[in-house]
Amino acid sequence: MTIPLRHYWLLLHTYLAPQRRAVLLMALLLLAGIALQLAAPQVVRAFIDAVQRGAATNVLMRMALLFLGVTFAQQGLKVLAHYWSERVAWDATNALRVDLAAHLLRLDLSFYTAHTPGELIERVDGDVRELAAFFSSFAVQLVSSALLLAGVVVAVWLVDLRLGVAFALFTLLALAVLSRVWQKGTPHWQADRERSARFYGYLGEVLTAIEDIRTSAAVPYVMQRFFAQLQAWLPVRLWAGFWGQSVMTAAILLFAVGDALAYGLGGSLYWTGAISLGTVYLIVAYTVMLAAPIEEIRYQLQNLQQADASIARIRTLLDTHSALVDGAATLPPGPLAVTFTNVSFHYELIPQSSVSSLQSSVSQSPVSQSPTLDAISFHLAPGRTLGILGRTGSGKTTLTRLLFRFYDPQVGSVQLNGVDLRQIKLDALRRRIGLVTQEVQLFEASLRDNLTFFDATVADATLLQVLGELGLTGWLARLPQGLDTPIAAATLSGGEAQLIALARLFLKDPGLVILDEASSRLDPATEALLDQALQRLLAGRTAMIIAHRLATVAQVDEILILEEGQVREQGAQSALAADPCSYYAKLRQTGLQMVIV
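Below: a short report on this structure. Position labels on residues start from 1 in each chain and follow its written sequence. Since the coordinates come from a predicted model, pLDDT governs what is reported: local features require at least 70, and pairs of side-chain atoms require 80 or more to be given and counted, while whole-chain, interface and lining totals use all residues. Excluding hydrogens and water, the side-chain values take into account all heavy atoms of the structure.

1. Thoughts on the overall build of the protein
Alright, step 1. Scanning the protein from N- to C-terminus turns up 20 helices and 14 strands.
Alright, step 2. Counting the 597 residues in the protein, one finds 48% classified as buried.
Alright, step 3. Residue contacts follow a heavy-atom distance rule, with two residues in contact if any of their heavy atoms lie within 4.5 Å. Partitioning the contacts of the protein with sequence separation of at least 6, the portion at a separation of at least 24 is 80%.
Alright, step 4. Here the open area of atoms and residues is found with the Shrake-Rupley method and a 1.4 Å probe, where only the protein chains shown may cover a residue. Of the roughly 29100 Å² of accessible surface on the protein, a fraction of 62% belongs to carbon and sulfur atoms. We count a stretch as a helix when DSSP gives it H or I for four or more residues in a row; a strand needs E for two or more, and each element gets its number in order from the N terminus. Partly exposed residues are those whose accessible area sits between 20% and 50% of the maximum for their type, while under 20% is buried and over 50% is exposed, using a 1.4 Å probe and protein chains only.

Shown next as structure tokens:
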């Protein structure tokens, strides 16, 4: 076994305990099926011996009907057991997917710089899919198969001691051989799962960047890497398949040995008069029956080869903890004060060689970059608005990431209402901050679901009130089905998507609103509508507006200009505009619409 036994037990207990009744029913169905399976050859044995004794026809007919009844009942129980095993597997794997997805959402952003979306999808879906058989029937089938093997050996033992010893030795030999072959194959299945994650991670990257790939004429290069991924995967898959097939080959050879043993011993004992012809049939039937549990054990061990790899990777993922330690404090309602005190921050990048493997990425030391923010300090009072200007790469967006606590600064502190963000509960923190960016995430769902993030408890009256307060009643009236109108990214303009984002924030009622280039790509008419909505949204709230255009921050209370991660200038907007020596005033005097040049 390549991973500790407690990991198997913990996984089974966690996801099967809520279904204990279904699991118990499945076990009872399997055990009843085993009892009938052992009984069927006994009926045939009695039938053969009765024929040799010249029993009456009605007696033979009753035996035949009994055999048919046992066979039909056994098959019926088998179907029911399969149904319940599939149901158990579906519920267990879905519960595990939910836990994995929730765990991923709790990890800090540095984790996502080391893993592609496609790789993580393969973790949540592909690895869990491999565990379906493990959840549905592994433990029950393994135990029931072991019981069937024991039942066959005991039944034969009662017939003849010598046959019982031979069957017991053969069974132990078969299990030992299959177990050895299984252990050899497990590392190859784990390598196969790793290659699968790499391939789907690459595929996810390609599909996300399809427009850039086409416009850059990079399709040949992408396809070359695509085939390179498949070529690297092929030998790994072949070895995994080879060892999986080796288990089957070993089982077939063992079955052949078992048949030879049954015919040899049964025939010799019959000719010496030690057993009857019906007993010979019983020995042969039980030998053939041995193939079923051994084959089932072989199948379960083959599944376990793949489950081993998946369990190990899932445990590694679940053991990966966020670099952020959650706090306990909460934030009061109303506008929030923002304070940055001597904040310095640099992103930590994982070496590219480790991106392909979750295990290696966790163990690798990060590579430090030059500071993105260097000794940043400023204070924004509650209810005030701050315009943040700077060239691309000056650190504007990084400020927002620190406020949401996607990262913690290496030096200094970020505070809301005088409380360090490290002391505030993450859920409470992010509920009190709202963000609107250029790109708004929309779902293939109705306008209602896009506004509420699928929260059915939000009443339509509340949504209509919010849209009315933001001045969007006219826009809503133009939608063909109102709140039930299907919404998708391809069917809305950039301005309409921004309006949805503002309505989301109004429903959230944050104390701090951050606008990151929210209106940079809008036409004048839509921008005017957006500005009206913004005025209503920002009333009574603290706001930080990140912009390139000076016109965007013309009405803010304060200005902060960043340059290469440092504060170039800060102060009241009116004071900086009136000071001819200020950098902000010079920008206004030159008539430049953009800070970045």
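2. As for the sheet that holds strand S4 (residues 373-380)
Alright, step 1. A pair of strands is labelled paired if DSSP reports no fewer than 2 bridges between them. Pairing within the open sheet is antiparallel, and its four strands lie in the order S4-S1-S6-S7. This sheet does not close on itself; its edge strands, each paired only once, are S4 and strand S7 (419-420).
Alright, step 2. Alignment of strand S1 (residues 338-345) against S4, held across five bridges, turns out to be antiparallel. Across the sheet, residue Thr 339 finds its bridge partner in S4, namely His 379.
Alright, step 3. Between the N-to-C directions of two axes lies an angle of 0 to 180 degrees, each axis being a line fitted to C-alpha atoms and, for a helix, fitted only over the stretch in contact. On the sheet, helix H12 (residues 396-403) packs against S1, S4 and strand S6 (411-416) and is oriented at approximately 110° with respect to S1.

3. A few points about the sheet that holds strand S12 (residues 542-546)
Alright, step 1. What the six strands build is an open sheet, ordered S8-S11-S12-S5-S13-S14; its pairing is mixed. The sheet is open, and its two borders are formed by strand S8 (433-437) and strand S14 (566-572), each paired with just one other strand. For this sheet, the mean inter-axis angle between neighbouring strands, taken without regard to orientation, is 15°.
Alright, step 2. Relative to S12, strand S5 (residues 385-390) is paired through four bridges, and the arrangement is parallel. Bridged to Thr 385 within S12 is Ala 543.

4. Here we look at the side chain of Ser 394
Alright, step 1. Its place among the elements puts Ser 394 in the loop between S5 and H12.
Alright, step 2. Classification of Ser 394 as buried rests on a relative accessible area of 3%.
Alright, step 3. Contacts of Ser 394, omitting those with residues within four sequence positions, involve Thr 372, Leu 373, Leu 562, Glu 563, Glu 564 and Gly 565.

5. A closer look at the nonpolar core
Alright, step 1. As used in this record, nonpolar core signifies buried Ala, Val, Leu, Ile, Met, Phe, Trp, Tyr and Cys residues forming a set joined through side-chain atoms within 4.5 Å. Formed by 43 residues in total, the largest nonpolar core has its most connected members in Leu 389, Leu 447, Leu 451, Leu 470, Leu 502, Leu 537 and Ile 559.
Alright, step 2. Counting residues per element, this core draws most heavily on helix H17 (residues 494-508), at eight residues.
Alright, step 3. For Leu 537, the contacting residues outside a window of four places in its chain are Leu 470, Leu 502, Leu 505, Phe 506 and Val 513.
Alright, step 4. Counting residues in each nonpolar core, the second largest holds 32 residues, with Trp 84, Ala 92, Leu 100 and Leu 104 among its members.

6. A closer look at the pattern of salt bridges
Alright, step 1. Within this document, salt bridges are pairs made up of a side-chain nitrogen of Lys or Arg and a carboxyl oxygen of Asp or Glu, the two lying within 4 Å of each other. Across all of its chains, the model carries ten salt bridges by this definition.
Alright, step 2. Arg 448 is paired through a salt bridge with Asp 460; the nearest N and O atoms lie 2.8 Å apart. You can see Arg 448 sitting in helix H14 (residues 447-452) and its partner Asp 460 sitting in helix H15 (residues 460-469), a full twelve residues away along the chain.
Alright, step 3. Glu 563 is the partner of Arg 568 in a salt bridge, and the nearest nitrogen-oxygen pair spans 2.7 Å.
Alright, step 4. Each of Arg 448, Asp 460 and Asp 484 takes part in one network of salt bridges that share partners.

7. Structural notes on the pairing of S14
Alright, step 1. Pairing of strand S13 (residues 558-563) with S14, which is carried by six bridges, proceeds in the antiparallel orientation. Looking across to S14, one finds that Ile 561 is bridged to Glu 569.
Alright, step 2. With antiparallel pairing between neighbouring strands as the criterion, S13 and S14 make up a hairpin whose turn holds two residues, including Glu 564 at a positive phi of roughly 55°.

8. A few points about the packing of aromatic side chains
Alright, step 1. What counts as a ring pair is set by centres within 6.5 Å for rings of Phe, Tyr and Trp (its six-membered ring), and what kind of pair is set by the plane angle: stacked under 30 degrees, edge-to-face over 60, tilted for all other angles. On inspection of all chains with the given rule, the structure shows 15 aromatic pairs.
Alright, step 2. Judged by centre distance (5.4 Å) and plane angle (50°), the ring pair of Phe 345 and Tyr 407 falls under tilted. Taken together, the positions of Phe 345 in strand S1 and Tyr 407 in the loop between H12 and S6 put the pair 62 residues apart, joining distant regions of the chain.
Alright, step 3. On the accessibility criterion, Phe 345 (3% relative accessible area) is buried.
Alright, step 4. Take Tyr 407: its relative accessible area is 11%, and that puts it in the buried class.

9. Quick word on the pairing of S1
Alright, step 1. Across the eight residues of S1, six count as buried, placing the element largely inside the fold.
Alright, step 2. Both S1 and S6 contribute to a ladder of five bridges, which runs antiparallel. Within S6, the residue paired with Phe 340 across the bridge is Val 414.

10. Regarding unusual backbone geometry
Alright, step 1. Although it is not a glycine, Asn 417 sits at a positive phi angle of roughly 55°.
Alright, step 2. Inspection of the secondary structure assignment puts Asn 417 in the loop between S6 and S7.
Alright, step 3. Look at Glu 564: it is not a glycine, yet its phi comes out positive at around 55°.
Alright, step 4. Along the chain, the position of Glu 564 falls in the loop between S13 and S14.
Alright, step 5. Under the relative-accessibility criterion, Glu 564 is labelled exposed at 72%.

11. Considerations on the packing of helix H3 (residues 57-106) against helix H5 (residues 117-129)
Alright, step 1. Between H3 and H5, the least distance of the axes is 10 Å, while the angle of their chain directions is 160°. On the basis of their axis angle, the class for H3 and H5 is roughly antiparallel. Like other packed secondary-structure pairs, H3 and H5 cross with a definite hand, here right-handed. Side by side, H3 and H5 meet where Thr 93, Leu 96, Arg 97, Leu 100 and Leu 104 of the first sit next to Leu 120, Arg 123, Val 124, Asp 125, Val 128 and Arg 129 of the second.
Alright, step 2. Throughout this entry, Asp, Glu, Lys and Arg are counted as charged residues, while Ala, Val, Leu, Ile, Met, Phe, Trp, Tyr, Cys and Pro are counted as nonpolar. The remaining residues, Gly among them, count as polar. Class assignment of the residues belonging to the contact of H3 with H5 gives a composition of six nonpolar, one polar and four charged. What sets the label is the angle itself: under 35 degrees gives roughly parallel, over 145 gives roughly antiparallel, 65 to 115 gives roughly perpendicular, and the rest give oblique. Each crossing is labelled by how the near helix is turned from the far one, with a counterclockwise turn of less than a right angle marking it left-handed and a clockwise turn marking it right-handed.

12. As for the packing of helix H2 (residues 20-53) against H3
Alright, step 1. Contact pair H2 / H3: the axes reach a minimum separation of 8 Å and the direction vectors enclose 160°. By the angle between their axes, H2 is roughly antiparallel relative to H3. Seen from above, H2 lies across H3 with left-handed handedness.
Alright, step 2. Along the lines of polarity and charge, the residues of the contact of H2 with H3 split into 26 nonpolar, four polar and no charged.

Function-wise, these values are silent; they only describe arrangement.
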